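Residue-level listing of the chains:
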Amino acid sequence: MLIRRTPDIRPSEITPEAVFLDRRRLIAGLLGAGAAAALPAGEAPALAALKYTRNAKLSVTEKPNTFEEITNYNNFYEFGTDKEDPARNAHTLRPKPWSVEIAGEAEVRGKFNLEDILKPHALEERIYRFRCVEAWSMVIPWVGFPLGDMVKRFKPTSKAKYVEFTTLLDPRQMPEQRSANFPWPYVEALRMDEAMHPLTLMAVGLYGRELPNQNGAPLRLMAPWKYGFKNAKSIVRIRFVEKQPRNTWNVLAPDEYGFYANVNPKVDHPRWSQASERHIGDGFFAKRRETLMFNGYADQVASLYQGMDLRRYF
Ligand code: MTE
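Bear in mind the structure is a predicted one, so any value in this text is a computation, not a measurement.

## A word on the nonpolar core
So, step 1. Among the nonpolar cores identified, the biggest contains 48 residues, and Phe165, Met202, Ile238 and Phe240 are the most heavily contacted of them.
So, step 2. Those elements that place two or more of their residues in this core are β2 (99-104), α5 (114-118), β5 (136-146), α6 (147-153), β6 (162-167), α7 (192-196), β8 (201-206) and β11 (235-241).
So, step 3. Top element by residues in this core is β11. It accounts for four residues.
So, step 4. Look past the residues within four positions of phenylalanine 240 in its chain and what remains in contact with it is Ile102, Ala103, Gly104, Glu105, Ala106, Val151, Phe154, Pro156, Ala160, Tyr162, Val163 and Met192.

## Re the site of the ligand
So, step 1. In the vicinity of the ligand there are 16 residues, among which Asn74, Tyr77, Glu78, Arg220 and Lys233 approach most closely.
So, step 2. Threonine 167 has a polar side-chain atom sitting 2.9 Å from a nitrogen atom of the ligand.
So, step 3. In the model, a nitrogen atom of the ligand is placed 2.9 Å from a nitrogen or oxygen of the asparagine 231 main chain.
So, step 4. Its free accessible area being 530 Å², the ligand has 99% of it covered by the protein chains.
So, step 5. Of the residues belonging to the shell around the ligand, the class tally is seven nonpolar, six polar and three charged.

## What to know about the sheet that holds strand β7 (residues 187-191)
So, step 1. What the five strands build is an open sheet, ordered β3-β2-β11-β6-β7; its pairing is mixed. Whereas interior strands pair on both sides, the edge strands pair on one side only; in this sheet they are β3 (110-113) and β7. The sheet shows a mean angle of 20 degrees between the axes of neighbouring strands, taken without regard to direction.
So, step 2. Bridge count for β2 against β3 is four bridges, and the pairing is antiparallel.

## As for the pairing of β8
So, step 1. Of all six residues in β8, six are buried; the element is thus mostly enclosed.
So, step 2. As defined by bridge partners, β5 adjoins β8 across five bridges and the pair is classed as antiparallel. Pairing of valine 143 across the sheet is with glycine 205, part of β8.
So, step 3. Note: β8 against strand β10 (residues 220-222), three bridges, orientation antiparallel.

## Digging into the side chain of asparagine 55
So, step 1. Tracing the sequence through the fold places asparagine 55 in the loop between β1 (53-54) and α3 (67-72).
So, step 2. The buried category is assigned to asparagine 55, whose relative accessible area is 15%.
So, step 3. From its side chain, asparagine 55 meets the backbone nitrogen of lysine 57 in a polar contact 3.2 Å long.

## A closer look at the pairing of β11
So, step 1. β11 sits mainly inside the fold: five of its seven residues count as buried.
So, step 2. Taken together, the four bridges between β2 and β11 define a ladder with parallel strand orientation. Its bridge partner lying in β11, glycine 104 is registered against phenylalanine 240.
So, step 3. Pairing analysis gives six bridges linking β6 to β11, with the strands arranged antiparallel. Each residue of the ladder has a partner; that of tyrosine 162, found in β11, is valine 241.

Calculation notes
- Residues numbered from 1 in each chain as written.
- Predicted model: local features only at pLDDT ≥ 70, side-chain atom pairs only at ≥ 80, totals over all residues.
- Heavy atoms only, no water.
- Core = buried A, V, L, I, M, F, W, Y, C linked by side-chain atoms within 4.5 Å.
- Buried < 20%, exposed > 50% of the residue type's maximum accessible area, 1.4 Å probe, protein only.
- Helix = DSSP H or I, 4+ residues; strand = E, 2+ residues; numbered from the N terminus.
- Contact = heavy atoms within 4.5 Å.
- Near = heavy atom within 4 Å.
- Polar contact = N/O pair within 3.5 Å; in protein donor to acceptor, adjacent residues only side chain to side chain.
- Areas by Shrake-Rupley, 256 points an atom, 1.4 Å probe, with all protein chains shown as cover.
- Nonpolar A, V, L, I, M, F, W, Y, C, P; charged D, E, K, R; others polar.
- Pairing = 2+ DSSP bridges.
- Axes fitted to C-alpha atoms, helices over the stretch in contact; angles between N-to-C directions.

Right under this line is the structure:
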């Protein structure tokens, strides 16, 4: 059965989530077994199903948000500032064909087709907590592969201390880039040890299918212990650098957004508390959830920041 996505009726609306999920997994399996050729003629293929294995060890056991929630409540300023804007406007993004430039302090540099970048990597599903700096959260089943595996292939030199990620710059595809009030393109970066950490994912899909445009198709970053803004979407350039790059939100408001952006309930945003969060899907009047240090990933990542004053390096 083909699940067709239309702007009005989404599969998650008409199918109970568990069934919907199982069906997606089933379809992913079927397509993996070569059923893709059996799509009825004339049906526009929606988001292609991906072949992946589940990484239970690195997944949380909390219930994931629905596909509907994850794809209709977004931050992607290239398509507008309201949470519903990316879902409404991101159809102008063309994620195929796509290429990624590898630049800077690495032995292997150049422009590569996305297919060539992805080829050697086996895809995994990982259910991660997601915490936005605006104090809302979700749980998201990403599909991707460890960024560290990819970094190794490009052989960074000893000078490479940071990895910088740049989003596409193309005002025809990203209409808000016509406005000058944002320092386009969107740029983010990680310290090399953060980039190499096994939790750091290059995401290419969610709920078993390719990434919807509004979630950063075709390639985005996902470091789950950091505030959502670290996770650059629709990446076209990965650059290895010696000096700590300025990230977009730090350029825009240096007092409010630092380089590290580690989720930290003890360090408030200057304009609001970070101690708790509104979990999308809990309902507007539900009790807020307590925010966890490093978004609940402290056991895995706290050692990266040993000895650092996390108030200063926020
Ligand atoms: N990447 C780009 N290129 N542009 C953006 O506006 N927003 C960031 C991050 N990556 C953003 C971006 C912010 S603030 C958040 S919270 C997450 O994307 C949102 O990801 P999601 O919409 O998939 O939940």
